[in-house]
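Close look at the chain arrangement
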Amino acid sequence: MLKFFLRNFPRFFLALLLLVCVWVLVYRHSHPNSQHLSLKNLSMAVWMPVQKSVSWVITFPENTLNAVQELGHLRQEVNRLQMENQSLHLELSNHKSLEVELARLREVLQIKAKLPHSAKIARIIAHDPSTWNKSFIIDIGSEDGLTVDSPVITEQGVVGRIIDVAAKNSRVLLLTDTGSSVAGLDVRSRVSGVILGTGQNRLSFGYVNADEDIQPGDTIVSSGLGGVFPKGYPLGTVVKRTSSDNGLNTQIDVAPSVDFGVLDYVFVLPSINIFAD
Amino acid sequence: MRIPKELLWLLAIFFVQQTSGITDWGIDLPLIFTALAGLRTNAPKAAAWGFTVGTVQDLLSSGWIGPNIAAKTLMGILSSLSQKHIYREKIHTQTFLIFLMSLFQQFFIWLLLKWDGTAPPASEALGILIHTVLMTTAAGVVVCFFVVKFRRRRFDPATA
């Protein structure tokens, strides 16, 4: 029996294979929706490592060669991309800065629309180099119709006044300069006085009687007296009031309404000084 | 044409001093320049530097022309003379010198303004003086650090 089987093994094997084929076809016909997932997965699990290994053996030398060839190109590409990246960063930064500038200019134009028609917009181009003086230089001058004593303001309030005028530049003396004095008025109590510069980022409300009603929080505006500043522009807010022991003297500290540290544009109003040339 | 490097320094200092609002912080860069330049030259040259710096500062300032010229010239001379008494290439030595010179300069300018009748009241002047001295000294520390650390040793007679 065994001898017969061994002698006819090829035939038996062929028959077995045919039987398996038939079985597969019959099974498929009787189970049309079956996917044999487990079988497929098993075969994949067995086969894929082999496939990968063979594939790797075949493709490794080629890939290595290609990688070496591409290394040079990649370096060039990286350099090019780095430069492009830097350029885009720079462009983005410029765009952001332009966006901020645009917003600021829009704001400035909106404010200018509320001011007298002859008000001029000026950009600050330099600050005073001395620590004892508070002034800055703006980029418009007599060619733009500016004269000495023209009031300079922002949307926040009074900045100062023009003290020197050149053809294309002018110097603005800030409220905080020790040589600056502006007639002021307490909005709440209607008490008049003079806003004096202290040389620091603080003002003083002087020439006020010790018994006058001035409280911290009061807003001081220009009173229009003195003939330089129009009436009603904010000068500052009272922050502290100190009286001497005998009650005869009083010191009133005022915080300027304008933040002088962040100014970039200002408005110059036409001079109303009747004594100016 | 060769432009002296000191002149370029001078231009750079005033450019920075005027554009960035450094004055608002109370920093007197021209004084730091005068002090450090004076430390490295003789008295006449230091005085000339002080005079030049002071003149430019007064010309660009809204105040009257004079206080900074006088003060900076004096500071240049004092800085130059101090070479004999201090070892200059140390950060704290230079900083202390800048502190003293800043203090002296501010007091001197206040006296000049007082003499001229344009000085602020003493209480305000004291505030400006203290603020300027402290901020200039603080800025001086930074400047002196770079000057000492990155000075060119081969031109430095103190270490040659």
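The rules we used
- Residues numbered from 1 in each chain as written.
- Chains lettered and ligands numbered in written order.
- Predicted model: local features only at pLDDT ≥ 70, side-chain atom pairs only at ≥ 80, totals over all residues.
- Helix = DSSP H or I, 4+ residues; strand = E, 2+ residues; numbered from the N terminus.
- Buried ≥ 20, exposed ≤ 12 C-beta atoms within 10 Å, placed from the backbone.
- Contact = placed C-beta atoms within 7 Å.
- Pairing = 2+ DSSP bridges.
- Axes fitted to C-alpha atoms, helices over the stretch in contact; angles between N-to-C directions.
- Nonpolar A, V, L, I, M, F, W, Y, C, P; charged D, E, K, R; others polar.
- Core = buried A, V, L, I, M, F, W, Y, C linked by C-beta atoms within 7 Å.
- Parallel < 35°, antiparallel > 145°, perpendicular 65-115°, else oblique.
- Left-handed = near helix turned anticlockwise from the far one by under 90°.
- pLDDT = per-residue confidence, 0-100.

**Things to note about the overall build of chain A**
A count of helices and strands for chain A gives three helices and 12 strands. Per-residue burial for chain A yields a buried fraction of 26% across its 277 residues. Taking the contacts inside chain A whose residues are at least 6 apart along the sequence as the reference set, 54% of them involve residues at least 24 apart.

**As for the sheet that holds strand β11 (residues 250-256) of chain A**
Around the barrel, which closes on itself, the six strands sit in the order β6-β7-β8-β11-β10-β9 (chain A) with antiparallel pairing between neighbours. Strand-to-strand, the axes of this sheet are offset by a mean angle of 40 degrees, without reference to chain direction.

**Quick word on the environment of V268 of chain A**
Residue and element names in this part refer to chain A. Along the chain, V268 turns up in strand β12 (residues 265-268). Each C-alpha atom of the pair V268 and L146 lies 7.9 Å from the other, and the pair is 122 residues apart in sequence. Residues contacting V268, with those up to four places away along its chain left out, are A119, K120, A122, I140, L146, S150, V152 and I162.

**Regarding helix α3 (residues 29-38) of chain B**
Residues and elements named next belong to chain B. Where burial is concerned, most of α3 is hidden: 10 out of the 10 residues are buried. Taken as a whole, α3 has its buried residues at L29, P30, L31, I32, F33, T34, A35, L36, A37 and G38. Summarising the contacts, the buried residues of α3 are in contact with α1 (5-19), α2 (22-25), α4 (43-60), α5 (67-81), α6 (91-116) and α7 (122-149).

**Some points on the interface of chain A and chain B**
Between chain A and chain B, the residue contacts involve 19 residues of the former and 25 residues of the latter. Broken down by secondary-structure element, the contributors of at least two residues to the side of chain A that touches chain B are β1 (120-127) and β5 (170-174) of chain A. Its residues assigned to classes, the side of chain A that touches chain B shows six nonpolar, 11 polar and two charged.

**Points about the nonpolar core**
Counting 36 residues, the largest nonpolar core has V158, V159, V172, L175, I195, I220 and V268 of chain A as the members making the most contacts within it. Other than its neighbours up to four places away in sequence, V159 of chain A contacts V152, I153, T154, V172, L174, L175, V258 and V266 of chain A. L31, A46, A71 and L78 of chain B belong to the second-largest nonpolar core, a separate cluster that totals 33 residues.

**Side note on the packing of α3 of chain B against α6 of chain B**
Residue and element names in this part refer to chain B. With their axes 10 Å apart at the nearest point, α3 and α6 run at an angle of 125 degrees to one another. Between α3 and α6, the crossing angle belongs to the class labelled oblique. Both α3 and α6 take part in a crossing whose hand is right-handed. Contact residues: α3 offers L31, I32, A35 and L36, while α6 offers Q94, L97, I98, M101, S102 and Q105.

**Some points on the sheet that holds β12 of chain A**
Adjacent strands of a sheet pair through backbone hydrogen bonds, lying either parallel or antiparallel. Residues and elements named next belong to chain A. In spatial order, the strands read β1-β2-β5-β4-β3-β12; together these six strands close into a barrel with antiparallel pairing. Across the sheet, the mean angle from the axis of one strand to that of its neighbour is 45 degrees, orientation sign disregarded. Here three bridges tie β1 to strand β2 (residues 135-138), and the two strands are oriented antiparallel to one another. Within the sheet, the bridge partner assigned to A126 lies in β2 and is I137.

**So, the environment of G63 of chain B**
Positionally, G63 of chain B belongs in the loop between α4 and α5. Of the residues examined, G63 of chain B has 22 C-beta atoms within 10 Å and is grouped as buried. In sequence terms G63 of chain B and L113 of chain B are 50 residues apart; their C-alpha atoms lie 9.6 Å from each other. Not counting residues up to four positions away in its chain, the partners in contact with G63 of chain B are S130, W132 and N133 of chain A together with D58 of chain B.

**With respect to the confidence of the model for chain B**
Residue and element names in this part refer to chain B. Mean pLDDT over chain B works out to 82, with 90% of the residues at or above the 70 mark. Predicted confidence in chain B is weakest over α2, with a mean pLDDT of 77, and strongest over α3, with 90. For this predicted complex, the interface score ipTM comes out at 0.71, alongside a pTM of 0.65.

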